[in-house]
Amino acid sequence: MAEIKTAICRFCHSFCGIKVTIEDGKAVKVVGDKDNPMYFGYTCVKGRQLPAQHDNPERLLHAQRRVGNGHERIASEAALDEIAATIGRLIAEHGPRSVALYAATYTFPYPAGRAMAMALMDAIGSPMRFTSATIDQPGKPMSMALHGRWHAGPQPYAESDAWILVGANPVVSKWAAFPSTTLPSACTTR
Ligand code: SF4
């Protein structure tokens, strides 16, 4: 028998409210939650494909170890032991800066993972920390470092005469373009 659960989509950082249809313990359908006071039922095509992503037969469910040109499954405890040994050897031979961290976009919906990764880098003593911003849009943090930040806050969307969105399409994905403090219903696609 099907039941419908209220949840949030964690495919991106917008966290749209969703309704998930569960059948026999399995998510089979995702639609926007019309009662959600932030998005009023909006979802993008990516969010609505969450069941397909969840059940994708190629989804990575276990730790893997590289073997030749392929990979093989490895127990998580063994993987951690091998990683620890490799990192220890790198630090001993080349110092803490030889260990770098890349915390990508998908770390945002799972904040504990990012905090743990930063704690690991603190323990190692390496400042080599990278994100999608440092890799594909370094101009943003560099310009803020050189020129400072605008402290007056973003222009409220609802009080603006017009907005021009450059390089963003909120119908496809909500994350880009709008400052987060301007996201309420005024900019929601219903
Ligand atoms: S914009 Fe799309 S992918 Fe992002 S949270 Fe909303 S439904 Fe999910």
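Cut-offs applied
Residues numbered from 1 in each chain as written. Predicted model: local features only at pLDDT ≥ 70, side-chain atom pairs only at ≥ 80, totals over all residues. Helix = DSSP H or I, 4+ residues; strand = E, 2+ residues; numbered from the N terminus. Rg over C-alpha atoms; globule rule 2.2 N^0.38 Å. Core = buried A, V, L, I, M, F, W, Y, C linked by C-beta atoms within 7 Å. Buried ≥ 20, exposed ≤ 12 C-beta atoms within 10 Å, placed from the backbone. Contact = placed C-beta atoms within 7 Å. Near = placed C-beta within 6 Å. Nonpolar A, V, L, I, M, F, W, Y, C, P; charged D, E, K, R; others polar. Pairing = 2+ DSSP bridges. Axes fitted to C-alpha atoms, helices over the stretch in contact; angles between N-to-C directions. Expected span 1.5 Å × (residues − 1). Domains from an automatic or database assignment. pLDDT = per-residue confidence, 0-100.

Draft legend 1. Broad picture of the overall build of the chain. Scanning the chain from terminus to terminus reveals six helices and seven strands. Sequence-ordered secondary structure for the chain, helices as α and strands as β, is β-β-β-α-α-β-β-α-β-α-β-α-α. Computed over C-alpha atoms, the radius of gyration of the chain comes to 21 Å, more than 25% over the 16 Å expected from 2.2 N^0.38 for 190 residues, which places it beyond the range of a compact globule. Overall, the chain is about 60 × 55 × 25 Å in size when its C-alpha atoms are taken along their principal axes.

Draft legend 2. Here's a closer look at the nonpolar core. Cys9, Phe11, Cys16, Ile18, Val30, Tyr39 and Tyr42 form the largest nonpolar core, which has seven residues in total. Excluding its chain neighbours within four sequence positions, the residues that come into contact with Val30 are Ile18, Val20, Thr43, Gly47, Arg48, Leu50 and Pro51.

Draft legend 3. Quick look at the site of the ligand. As a structural note, the neighbourhood of the ligand is formed by twelve residues, with Cys9, Cys12, Cys16, Cys44 and Gly47 the closest of them. Its residues placed into classes, the shell around the ligand shows six nonpolar, four polar and two charged.

Draft legend 4. The sheet that holds strand β1 (residues 2-8), seen in detail. Strand order in the open sheet made by the three strands is β1-β2-β3, with antiparallel pairing throughout. At either end of the open sheet lies a strand with only one pairing partner, and these are β1 and β3 (26-32). Mean inter-strand twist for the sheet, computed between neighbouring axes without regard to direction, equals 30°. Where β1 lies against strand β2 (residues 17-23), seven bridges are found, and the strand directions are antiparallel.

Draft legend 5. Molecular detail of helix α4 (residues 111-124). With 14 residues, α4 should cover 20 Å at 1.5 Å per step; its first-to-last C-alpha distance of 20 Å lies within 8% of that length. Judged by how many residues are buried, α4 sits mostly at the surface: zero of 14 residues are covered.

Draft legend 6. How the structure looks around the environment of Met144. Looking at the secondary structure, you find Met144 in helix α6 (residues 139-147). Accessibility expressed as a C-beta count within 10 Å gives 11 for Met144, which makes it exposed. Taking the C-alpha atoms as reference, Met144 lies 44 Å from Thr21; in sequence the two are 123 residues apart.

Draft legend 7. Layout of α6. For α6, the tally of buried residues reaches only zero of nine residues, placing the bulk of the element at the surface. Just downstream of α6, Gly148 is the residue with a positive phi angle, here 85°.

Draft legend 8. Looking closely at the pairing of β2. Sheet analysis places β2 next to β3, joined by six bridges and oriented antiparallel. Paired with Glu23 across the two strands is Lys26, which belongs to β3. Linking two consecutive strands that pair antiparallel, namely β2 and β3, is a turn of two residues; a positive phi of about 50° is found at Asp24 within it.

Draft legend 9. Inspection of the domain arrangement of the chain at higher detail. Structurally, the chain comprises domain 1 (2-54), domain 2 (60-94) and domain 3 (97-147). For domain 1 versus domain 3, the distance between C-alpha centres works out to 29 Å.

Draft legend 10. Quick look at unusual backbone geometry. Residue Asp24 is not a glycine yet carries a positive backbone phi of 50°. Relative to the helices and strands, Asp24 is located in the loop between β2 and β3.

Draft legend 11. Examining the confidence of the model for the chain more closely. In this model, the chain carries a mean pLDDT of 86, and residues with pLDDT of at least 70 account for 91%. Scored below 50 in pLDDT, residues 181-190 shows 24 contacts in the model against residues more than four places distant or in partner chains.

Draft legend 12. Molecular detail of the environment of Asp55. Tracing the backbone shows Asp55 in the loop between α2 (50-54) and β4 (64-67). When the C-alpha atoms of Asp55 and Ala27 are compared, they prove to be 8.9 Å apart, with 28 residues separating the residues in sequence.

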